[in-house]
Amino acid sequence: MFKNRVVEKALDELSNRTVNMPDIVRSVICLIDLSILNEPNLDSYIQELFDIKKNKIMSVYYAPKRSKEFASYIPLFCNRHLHWDGTLVHPMKKKIFSKKYDLLFNFFKKDNRALQSISSHVKADFRVGYATVDHRLNDLMFGNENNSAEQFFDTFNNFFFKISTE
């Protein structure tokens, strides 16, 4: 109950922020729900789109529960990382949330308090994700027909570079 209020407050603050469309994308963060994305290594798509180095791309993974099959995904958040009081508890939290990114990709299709909290704590100028989640999380939203990473990035490429920054 209390954590719901804390997450809602963070989402409200996020909706009141100023959206900055980056002229040049130098850093990208991806929040990936491992249950919906079959190809969690998105670096090659992002490098091709923006011509940036791999060390400027951060991937943050989410799974409802920790398991051995997800052991290679670092950093991995799960539901237990959202504390009862609404705070996120994770050893890499400071490293992830202290940096500012030009672009955030939210690769999750269903609202989930842990994912909403993680996403709302990321400092990103522009946010992209699915229209099926809370609209306060994303500045550019795509429908569920963009299931694969290739479809998602093709659609992104069609829209993002045509958005006027003036």
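The structure under discussion appears in the preceding block.
Please read these numbers as outputs of a predicted model, since none were measured by experiment. Numbers given for residues are sequential positions, taken from 1 along each chain in its written order. Whole-chain, interface and lining totals are the exception, using all residues; otherwise, since this is a predicted model, local features are given only for residues with pLDDT of at least 70 and side-chain atom pairs are given and counted only at 80 or more. The side-chain figures draw on all heavy atoms in the structure; neither hydrogens nor water molecules are used.

Asker: Break down the pairing of strand S4 (residues 100-107) for me, citing the residues and quoting the values.
Answerer: Note on classification: 1.4 Å probe, protein chains only; a residue is buried when its accessible area is under 20% of the maximum for its type, exposed when over 50%, partly exposed between these limits. In DSSP terms, a helix is any run of H or I states spanning at least four residues, a strand is any run of E spanning at least two, and both are numbered starting from the N terminus. Burial analysis of S4 places seven of its eight residues in the buried class, the great majority of the element. Two strands form a pair only when DSSP identifies at least two bridges running between them. One ladder, built from five bridges, connects strand S1 (residues 28-33) with S4; its direction is parallel. Bridging from a neighbouring strand, Ile 29 pairs with Leu 104 of S4. Both S4 and strand S5 (residues 123-130) contribute to a ladder of six bridges, which runs parallel. From the neighbouring strand, Lys 100 faces S5, where its bridge partner is Lys 123. For the crossover that starts at S4, traverses helix H4 (residues 113-121) and ends in the parallel S5, the hand is right-handed. Clockwise travel from the first strand over the helix to the second, with the strands pointing away from the viewer, marks a crossover as right-handed.

Asker: Report on the nonpolar core, specifying residues and quantitative values.
Answerer: The biggest cluster of nonpolar side chains holds 29 residues, and the ones touching the most others in it are Ile 46, Phe 50, Leu 103, Phe 105, Phe 107 and Phe 156. The greatest single-element share of this core, amounting to five residues, is contributed by helix H5 (residues 149-160). The nonpolar core is taken to be a set of buried Ala, Val, Leu, Ile, Met, Phe, Trp, Tyr and Cys residues, with the residues joined through side-chain atoms within 4.5 Å. Ranked by size, the runner-up nonpolar core spans 23 residues in total, among them Val 60, Phe 77, Ile 96 and Ile 118.

Everything listed here is a matter of geometry and, on its own, says nothing about what the molecule does.
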